[in-house]
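Per-entry structural report
For reference, the chains in residue letters:
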Amino acid sequence: MPRWAVYTIFVAGGLLILLCCLCICIKCCCKGKKKKRQKKKDEQINLKGMDGKTTTALVQPDVGDVDYGSTKKQRGKLLYSLDYNAALSELTVGIKQASSLKAMDIGGSSDPYVKVYICPDKSKTYETKVFRSTLNPVYNEQFTFQLSKSTLLKSVVVMKVFDFNRFSKHEIIGELRLQLCNVDWNHVIEEWQDLAEPAKFEEENLGEICFSLRYVPTASKLTVVILEAKNLKGMDVGGCSDPYVKVQLALDKRKWKKRKTSIKRKTLNPYYNESFTFDVTFEQIQRVNLVISVWDHDDISRNDALGKIFLGCDATGNQLRHWADMLSNPRRPVAQWHSLLSAEQVNSTLTLKKKIPIPSKLVENTRWSSK
């Protein structure tokens, strides 16, 4: 073999041996460091502090030291007031303002509003106006409930703060639940409280419905487009329903005009996209309420109400806002999702009277009476 080849083999072998030695040294150093760390950790756990308590409290804090209220603080605070007039049997709930609410939107803000009702009756539900892009809304709104003293002492007032979303379900920020039997009614109550995590056991989810509204004042036309519904209540044996939607107008709280959609078979998430146009003058639109109700069709027995909602001059909260958005944007469709309420709840709030008599029928009646 040539001399240069021999030198090359020797150099390559030396480099290989040197590399192996280096790897062994590194491995030994790592093991030594690992042992030292483990030793220190064991000494820290077994070490006793000056107060005689072990430092395991640093690893696992005592149950009493855990701040379980941190989730409440992150949800914000609500300033409310309570006043009961025994002579009139009236409970007045005031929603004053909220502070440091939890941000629910991507931009680090929320569109908060407050829903107020009394349990277990829930015959009336009130909503404050919606404040856009704020975590510190000032409402200064009051809501009155008719409650006898005996009913008052068995009731709970619920104040829920929601984040408004036009095209999706409104997210709950937090809530307050106050046992009215524990309240001192000798004076008006006004105080701040931290919002708590919402209870999951009480409210029955009746589903949601999406529809658009469009009003053209020059043509005196109100157009309601029933788009879709979702998460409806299953009424049939198989857990499904055959839902359809009734669209009804009430003028001066009297039943006036009505239409209904087609029936969608065996579904809890029906899609309609059906349009209804009503002749409503600008003078009438100020006195009109729109009632949207979802029903389960039954071929044999009576149809069951799945849920209901109403918008118009007598509405509150999101329903009033949707109606106001329609009026402030003439000729433009305004779509929004709404959570369905029970028919009993809507009926007790709206209290519609009998149907408005049609003029032609009145003329016929007068003719028959003259005969």
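Residues numbered from 1 in each chain as written. Predicted model: local features only at pLDDT ≥ 70, side-chain atom pairs only at ≥ 80, totals over all residues. Heavy atoms only, no water.

Taking an unreviewed UniProt entry as the reference, the chain is identified by name as Synaptotagmin VIII isoform X2 belonging to Stegastes partitus. Here is the UniProt Cofactor (unreviewed entry) comment for the chain, exactly as written: "Ca(2+)". As recorded by UniProt, the Sequence similarities (unreviewed entry) comment attached to the chain reads in full: "Belongs to the synaptotagmin family." (UniProt positions renumbered as here; feature names shortened; annotations may be inferred.)

With respect to helix α6 (residues 317–328)
Taking 1.5 Å as the rise per residue, α6 with 12 residues should run 16 Å; its terminal C-alpha atoms sit 16 Å apart, in good agreement. Within the span of α6, buried status applies to Gly317, Asn318, Gln319, His322, Trp323, Asp325 and Met326. (Helix = DSSP H or I, 4+ residues; strand = E, 2+ residues; numbered from the N terminus. Expected span 1.5 Å × (residues − 1). Buried < 20%, exposed > 50% of the residue type's maximum accessible area, 1.4 Å probe, protein only.)

Describing unusual backbone geometry
In this structure, serine 220 takes a positive phi of about 55 degrees despite not being glycine. Phi is positive for aspartate 252, which is not a glycine, with a value near 55 degrees. Mapped onto the elements, aspartate 252 comes out in the loop between β11 (243–251) and β12 (254–260). Aspartate 252 sits in the partly exposed class, given a relative accessible area of 41%.

Remarks on the pattern of salt bridges
Side-chain pairing between opposite charges can occur once the charged atoms of the two side chains come close. Across all of its chains, the model carries 10 salt bridges by this definition. As a salt-bridge pair, lysine 129 and glutamate 141 come within 3.2 Å of each other at their nearest N and O atoms. Note that lysine 129 is positioned in the loop between β4 (125–127) and β5 (138–146) and glutamate 141 in strand β5, a separation of 12 residues in sequence. On the basis of relative accessibility, which here comes to 17%, the residue glutamate 141 falls in the buried class. Taken together, the salt bridges that share partners define one network made up of Lys160, Glu175 and Arg177. (Salt bridge = Lys/Arg side-chain N within 4 Å of Asp/Glu carboxyl O.)

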